[in-house]
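Residue-level structural notes
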Amino acid sequence: MRVQSPTPVDCKGAGRGWLHVLDETVAPTCTDRPFLPKQYMRVRVIRLILDGWANTAPRDALRDYAEAIGVPVGALADMGAVWAEDRHALAFPMVNAWRYLCGIRLRALNGKKWAVKGSRNGLFWPAAMPQSGPLLFPEGPTDTASCLALGIAAIGRPSALVGGSMLARAHQFGELEGYSPLVVVQDQDTPRWRCTVCRTAYKQVDEPDVCECGQQDFTREHPGEAGALACAESLAKSGALVRIMAPPAGKDMRAWYQLGATRVAVMSIIKHAPLIGI
């Protein structure tokens, strides 16, 4: 099917071109969401990769992985996760602020994480989750799945210090409507020390004596705390009222879930969490 390109008429002095779409799915116009032909092809390629893995995965692969990490298989399925047999890892789709596929995060059983070549960092936005109530923003896909297992809506950030700007854009474009409150989850990470000269980081409680570069000057960092605050501030600048909460047990939402967290307990923590944006 031949459809008009969403490229603006005055884009670099050129007129509109034409796209040959291979099915009945037509890319939205630029007045709706920023969806250009290059993005359209990326979405199609990512979907083909995920579907290919889903069709070739062993029957119980997703269930076995869920049992290994202590998360219900249904929650992983709601995340759109599929087993990538050739990578020996679980694949999670990543989307941008407008919920278009932009990459694939892989997670091995030993916890190693990496992305499929060509991916862009994105949010872990479940395909199915509650449509009202609080909306949590934890770190990573397995923490997000843990929130879903408790019956709480969640959208995962790609890491502690990344994702705030994407969530802010999603809020500006109305993608987070219907949820209240918005809650950034702060991981209880082990503090780290960073050399002020070569920027090497050391994950340990006590300050190192000397860096491998020979220097002795270090700054103390708390990635989980700093990332949660940065994310909350980005959302606040977009006009959102957002809270910051930290799991009272375990280092993150998945650890707290495994230790017996309940929906009632999470709601109680949220109720008393500090509010950002006023």
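Residues numbered from 1 in each chain as written. Predicted model: local features only at pLDDT ≥ 70, side-chain atom pairs only at ≥ 80, totals over all residues. Heavy atoms only, no water.

1. Some points on the overall build of the protein
Counting secondary structure elements, the protein contains 8 helices and 14 strands. If you take every contact in the protein between residues at least 6 apart in sequence, the share linking residues at least 24 apart comes to 56%. Entry remark: accessible area of the protein is about 14300 Å², with carbon and sulfur atoms responsible for 52%. (Helix = DSSP H or I, 4+ residues; strand = E, 2+ residues; numbered from the N terminus. Contact = heavy atoms within 4.5 Å. Areas by Shrake-Rupley, 256 points an atom, 1.4 Å probe, with all protein chains shown as cover.)

2. Describing the packing of helix H5 (residues 164–172) against helix H6 (residues 223–237)
Remark: H5 packs on H6, axes separated minimally by 8 Å, with the N-to-C direction vectors making an angle of 25 degrees. Between H5 and H6, the angle falls in the class roughly parallel. Viewed along their axes, H5 and H6 form a crossing whose handedness is right-handed. Packed against H5, whose contacting residues are Gly 164, Ser 165, Leu 167, Ala 168 and His 171, the element H6 presents Cys 231, Ser 234 and Leu 235 at the interface. A class-by-class count of the residues in the contact of H5 with H6 yields 4 nonpolar, 4 polar and no charged. (Axes fitted to C-alpha atoms, helices over the stretch in contact; angles between N-to-C directions. Parallel < 35°, antiparallel > 145°, perpendicular 65-115°, else oblique. Left-handed = near helix turned anticlockwise from the far one by under 90°. Nonpolar A, V, L, I, M, F, W, Y, C, P; charged D, E, K, R; others polar.)

3. Looking at unusual backbone geometry
Following Ser 180, the chain continues to Pro 181 via a peptide bond in cis, the omega torsion being -5 degrees. Following the sequence through the fold, Pro 181 ends up in strand S9 (residues 179–185). Positioned with a positive phi, His 88 is a non-glycine residue whose angle comes to about 55 degrees. For His 88, the position within the fold is in the loop between strand S3 (82–84) and strand S4 (89–95). The phi torsion at Arg 99 lies on the positive side, around 70 degrees, for a residue other than glycine. Note on placement: Arg 99 falls in the loop between S4 and strand S5 (101–107).

4. What about the pairing of S9?
With 5 of 7 residues buried, S9 lies mostly within the body of the structure. Direction of pairing for strand S7 (residues 133–137) relative to S9: parallel, over a ladder of 4 bridges. Looking across to S9, one finds that Leu 136 is bridged to Val 183. (Buried < 20%, exposed > 50% of the residue type's maximum accessible area, 1.4 Å probe, protein only. Pairing = 2+ DSSP bridges.)

5. Considerations on the layout of surface pockets
The calculated volume of the largest pocket comes to roughly 510 Å³. Lining the largest pocket are 22 residues, and of these Lys 113, Glu 139, Asp 187, Asp 189 and Lys 251 lie nearest its centre. Secondary structure elements with two or more residues in the lining of the largest pocket: S5 and helix H4 (141–149). Split into classes, the residues belonging to the lining of the largest pocket amount to 5 nonpolar, 5 polar and 12 charged. (1 Å grid on protein atoms, 1.4 Å probe; cavity = no way out; pocket = protein on both sides within 12 Å on 5 of 7 lines; lining within 4 Å. Points joined across faces, edges and corners; volume = space filled by probe spheres on them.)

6. Comments concerning the sheet that holds strand S14 (residues 275–276)
Strand order in the open sheet made by the 5 strands is S8-S7-S9-S13-S14, with mixed pairing throughout. Two strands lie at the open edges of the sheet, namely strand S8 (153–154) and S14, each paired on one side alone. Judged from the 4 bridges that link them, S9 and strand S13 (residues 242–245) form a sheet pairing that is parallel. Opposite Val 184, over in S13, you have Ile 244 as the bridge partner.

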